[in-house]
Amino acid sequence: MEIKRTILPQEKRKPLYEDPMKLQFGKMFTDHWFAMPFNPEDGWHDPEIKPLEPLSLHPAANIFHYCQEVFEGQKAYKSPNGETLLFRPEENARRFRRSLQRMCMAEVPEEIYQEALFELVKIEERWIPRAKGTSLYIRPTVIGTEAALGVKPSAEYLFFILLSPVGPYFPKGFSPINLWVSDTFSRAVEGGTGEAKTGGNYAASLMGGRIAKENGYDQVLWLDAKEHRYVEEGGAMNIFFVIDGKLSTPALTGSILHGITRKSVLEMASDLGITAEERRITIDEIMEGVGNGRVSEAFCAGTAAIITPVGRLGYKGLDIPFPDPEGPWARRFYDMLCGIQFGEHPDTRGWVKKL
Ligand SMILES: *Cc1c(COP(=O)(O)O)cnc(C)c1O
């Protein structure tokens, strides 16, 4: 692919942040972005890396009305000797294509996704913070851009990539989040779009999230939409429990996002000496298990926060603390994953891509 480049001269580039430890998530963007339109005649065409600018779209564009949108979230890290590292980028490329397929959108070939992303990150390399736990967040997105109010898949799309330097998720050290179990609101349903990384799932989750906060919790523990019995996800992260000394996570039954952090945790479990299983887990099993000591800890997993321990669960008026809110397993997985992502631990599975 021949990417056209319009790069700002040095003096027009923004100054870097002063203290990378204080960067807030997704508030600051780098100088350049990648953009490539799609239409039925030319397919994906005219890829460009250029100065970040506001978009100009017709108010009837599909994205504003029928929400054809798919995104990804991944990070670039600096190793101690200054190499730029990506973690399992081919997994994000594949999931992006599958999300696009599910949403009836033009698919971005995996090689094109990766090439565009690698080139942009190389150009913006100076923005990757080096302080402990900091990274460059990468947000590839496709939106439907055709101006047409009929309900049908958009004929035209825009694929773009934004980069945002981010500070450590836990600036004050590893700290647990508290989850409110919603038995009324649902994030996603079987047969719906829960397996696709699409904006609508987030819009659907906001009301539950607001009520969780009003009740004094950080995020929602989502249950299945049919019976409100089975645990699915914690906020916008996958969830794990240690039950009878075994690592258990909800099986992917159609409404759960296929997290790459989740998959990596499952693949690393045997190295850390714990048996892992994927199965249906009921909320009653967890509530009882916390009470009688069979469930010793819980943690959430996702690219943004990596591994986040769960402190307490609120359900049906009860507030139940986990016996071990800074659980030993959460800490072990966090240290191992961060070590690999930042190039400090040996990468025995070939997960790390050097740019
Ligand atoms: C992105 C996402 C995750 C985590 O996926 P990772 O690949 O681990 O970052 C989990 N749940 C939801 C709903 C998500 O959107």
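Worth saying up front: this structure is predicted, and the values here are computed from it rather than measured.

**With respect to the packing of aromatic side chains**
Thinking step 1. Counted by the stated rule, this structure contains 17 aromatic pairs.
Thinking step 2. With 5.6 Å between their ring centres and 45° between their planes, Phe 96 and Phe 159 make a pair best called tilted. With Phe 96 in helix 2 (residues 89-102) and Phe 159 in strand 9 (residues 157-166), the pair connects residues that are 63 residues apart, well separated along the chain. Neither residue differs from the other here; Phe 96 and Phe 159 are each classed as buried.
Thinking step 3. Ring pairs connect the aromatic residues Phe 34, Phe 38, Trp 44, Phe 96, Tyr 113, Tyr 157 and Phe 159, which therefore count as one cluster.

**Details of helix 5 (residues 260-272)**
Thinking step 1. Taking 1.5 Å of rise per residue, 13 residues should cover 18 Å, and helix 5 covers 18 Å from first to last C-alpha, within 8% of that figure.
Thinking step 2. Taken residue by residue, helix 5 has Ile 260, Thr 261, Arg 262, Ser 264, Val 265, Leu 266, Met 268 and Ala 269 as its buried positions.
Thinking step 3. Positive phi appears at Gly 273, one or two residues downstream of helix 5, with a value of about 85°.

**Focus: the domain arrangement of the chain**
Thinking step 1. The domain architecture assigned to the chain consists of domain 1 (4-166) and domain 2 (177-341).
Thinking step 2. Computed over C-alpha atoms only, the centres of domain 1 and domain 2 are separated by 28 Å.
Thinking step 3. Residue-level contacts link 20 residues of domain 1 with 21 residues of domain 2.
Thinking step 4. Together, the buried faces of domain 1 and domain 2 total about 1,700 Å²; carbon and sulfur atoms form 56% of this surface.
Thinking step 5. Among the residues domain 1 hides against domain 2, the three largest losses belong to Phe 71, Phe 87 and Arg 95. Together they make up 34% of the total.
Thinking step 6. One can count two salt bridges joining domain 1 with domain 2.
Thinking step 7. With its nearest N and O atoms 3.3 Å apart, the salt bridge here joins Arg 88 to Glu 267.

The rules behind these values
- Residues numbered from 1 in each chain as written.
- Predicted model: local features only at pLDDT ≥ 70, side-chain atom pairs only at ≥ 80, totals over all residues.
- Heavy atoms only, no water.
- Phe/Tyr/Trp six-rings, centres within 6.5 Å; stacked < 30°, edge-to-face > 60°.
- Helix = DSSP H or I, 4+ residues; strand = E, 2+ residues; numbered from the N terminus.
- Buried < 20%, exposed > 50% of the residue type's maximum accessible area, 1.4 Å probe, protein only.
- Expected span 1.5 Å × (residues − 1).
- Domains from an automatic or database assignment.
- Contact = heavy atoms within 4.5 Å.
- Buried area = accessible area lost by both parts, 1.4 Å probe.
- Salt bridge = Lys/Arg side-chain N within 4 Å of Asp/Glu carboxyl O.

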